[in-house]
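Coordinates in review
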Amino acid sequence: MPIKDTLLTVPQREEGGRTAYDRFDYQTAWGLSRLLELHESGNNYAVAFEFHDDVVSLDDADDPSSATFYQVKTKESGNWSFAKITSRASSKTGKKPSFAGKMFDNFIRFGATVEKLAFVSNQPLPDVITVHGEKEFSASDKEKLQKFVAALAAESPEFKDSEHTSLFFFVFSDLNLSSYENTIVGRIAEFLESELGSHIPPKPFALALNDHCRSRSKSLADISSFEQLRASKFITKADMLRWLSQAREQHESRPEWAAVASELKAPLPDKVKIERSWRAYEILLRSRSNAATIAFTEKVRSIIDPALETVADYASLIAATSASVAPVVRAWHAGADEHFVSAVILYELKR
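**Section: the overall build of the protein chain**
Looking only at helices and strands, the protein chain features 15 helices and nine strands. When each of the 351 residues of the protein chain is scored for burial, the buried share is 47%. Within the protein chain, contacts between residues separated by at least 24 positions form 69% of all contacts whose residues are at least 6 apart in sequence. Total accessible area on the protein chain stands at roughly 16700 Å², and carbon and sulfur atoms take up 49% of it.

**Topic: the pattern of salt bridges**
Summed over all chains, the structure comprises eleven salt bridges. Between R279 and E275 there is a salt bridge; the shortest N-O distance is 3.0 Å. Of this pair, R279 and E275 both sit in helix α12 (residues 268–287), four residues apart, which is roughly one turn of that helix. What emerges from the salt-bridge pattern is a single network uniting R301, E348 and R351.

**Quick look at the sheet that holds strand β9 (residues 234–236)**
Hydrogen bonds between backbone groups are what pair the strands of a sheet, and the pairing can be parallel or antiparallel. The seven strands are arranged β7-β8-β6-β3-β2-β1-β9 in an open sheet whose pairing can be described as mixed. Each edge of the sheet is formed by a strand with only one pairing partner; in this case those strands are β7 (133–136) and β9. Neighbour-to-neighbour, the strand axes of the sheet open up by a mean angle of 25°, direction not taken into account. The pairing of strand β2 (residues 55–58) with strand β3 (residues 67–73) spans four bridges and is classified as antiparallel.

**Here we look at helix α9 (residues 226–233)**
One full turn of an α-helix is made of 3.6 residues, so residues set three or four places apart face in the same direction. Within α9, burial applies to F226, L229 and K233. Buried residues of α9, seen end-on, are gathered within an arc of 55° and therefore sit on one face of the element.

**Quick look at the nonpolar core**
If you look at the biggest cluster of nonpolar residues, it comprises 38 residues, and the most contacted ones within it are L7, F137, F148, F168 and F170. At five residues, the largest contribution of residues to this core is made by helix α4 (residues 99–110). When residues no more than four places from it in sequence are discounted, the contact partners of F170 are W80, F119, S121, Q123, P124, L125, V128, I129, G133, E134, K135 and F137. Core analysis: the next-biggest nonpolar cluster, separate from the first, contains 37 residues, V120, I200, C213 and I235 among them.

**Here we look at a negative patch on the surface**
A cluster of acidic side chains, namely E40, E190, E193 and E195, defines a negative patch on the protein surface. Per-element tally for the negative patch: the top contributor is helix α7 (residues 180–195), with three residues. Secondary-structure assignment places E193 in helix α7. Look at E193 and you get partly exposed, because its relative accessible area is 48%.

**Quick look at the packing of aromatic side chains**
Tallied over the full model, the rule gives 22 aromatic pairs. Taken together, a centroid distance of 5.4 Å and an interplanar angle of 85° make the contact between F104 and F159 edge-to-face. One end of the pair, F104, is in helix α4; the other, F159, is in the loop between α5 (142–155) and α6 (161–164), with 55 residues separating them in the sequence. The exposure classification of F104 matches that of F159, with both residues buried. Connected via pairs of aromatic rings, a cluster forms that spans F82, F104, F107, F137, F148, F159 and F168. One residue, K75, lies across the ring of W80, its end atom 4.9 Å from the ring centre. Between the NZ or CZ atom of K116 and the centre of the ring of F169, over which it lies, the distance is 4.7 Å.

Rules and cut-offs
- Residues numbered from 1 in each chain as written.
- Predicted model: local features only at pLDDT ≥ 70, side-chain atom pairs only at ≥ 80, totals over all residues.
- Heavy atoms only, no water.
- Helix = DSSP H or I, 4+ residues; strand = E, 2+ residues; numbered from the N terminus.
- Buried < 20%, exposed > 50% of the residue type's maximum accessible area, 1.4 Å probe, protein only.
- Contact = heavy atoms within 4.5 Å.
- Areas by Shrake-Rupley, 256 points an atom, 1.4 Å probe, with all protein chains shown as cover.
- Salt bridge = Lys/Arg side-chain N within 4 Å of Asp/Glu carboxyl O.
- Pairing = 2+ DSSP bridges.
- Axes fitted to C-alpha atoms, helices over the stretch in contact; angles between N-to-C directions.
- Arc of directions from axis to C-beta.
- Core = buried A, V, L, I, M, F, W, Y, C linked by side-chain atoms within 4.5 Å.
- Patch = residues over 30% accessible without salt bridge, like charges linked within 9 Å, V, L, I, M, F, W, Y side chains within 5 Å.
- Lys, Arg positive; Asp, Glu negative; His and termini not counted.
- Charge placed at Lys NZ, Arg CZ, Asp CG, Glu CD.
- Phe/Tyr/Trp six-rings, centres within 6.5 Å; stacked < 30°, edge-to-face > 60°.
- Lys NZ or Arg CZ within 6 Å of the ring centre and 35° of its normal.

Below is the structure:
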């Protein structure tokens, strides 16, 4: 069965939660780092977060033929070993799956479409690799590898050394557990500079990417096509190109008050107060460059854009949308008055 179909029909083992809006978890930071690598390679990639495994990448976003599954685990200290990766904890109903068992379960589910089953960690697996990078399990000492093979075969009768050991890889991540957030923001800054130039601030874009990744870890709605699945669960090259374009536009596009002032039909005192609020809002936007601000501006635009079909001028747009926009604005900026709300509507309309 093509991977498009199996991704639609094979149920997930488990579903993960989400972390705080302005924080990176290690798993997402590593997935983002991998995402940047794939983008720079020029491939038509698609990457999912917490979908069948911690991170899953497809070889092509439009017509995929293979997938790589990444299981991301962190340790405060100490190395990994084949024994730890194949260790099975006990439960009331029997033995729980080992890390390796969960990895191999993806092969059971997806068969020959699996390109790699990779274990990712901030600590090394000396049996395989001690420097940062990726290496296959089969590079290990044969005696040690045989213990891994025997343990996994005992757990999963479908496992065959000659067919399946070559699928297993270890990725020794260079993201340090104590500084990975700063590292990934730095990498995104380098990525933005190469794509757009050094004038785009990296933190807002990094936090927006973080939320895009984590939003795709939420439970799936009912879907009936691969295209719907891709939009719900995967980040693609096309998505990244669109977000880069938006980042450029949002940073470089600073609407001028003069662009609306001449056509805004309002009493002079109101017009003056809206202009002052416009200036204050612009300053706040620049000083509060974070994920919450990005989400706020997107919410405002999601309210005002549909209203454009039914209004004739700026004043009627404000009248039609103020009631919906005002609580969104006040949740972001407590105490905002009606003139500030009007300024936000006009500013985001023109931005």
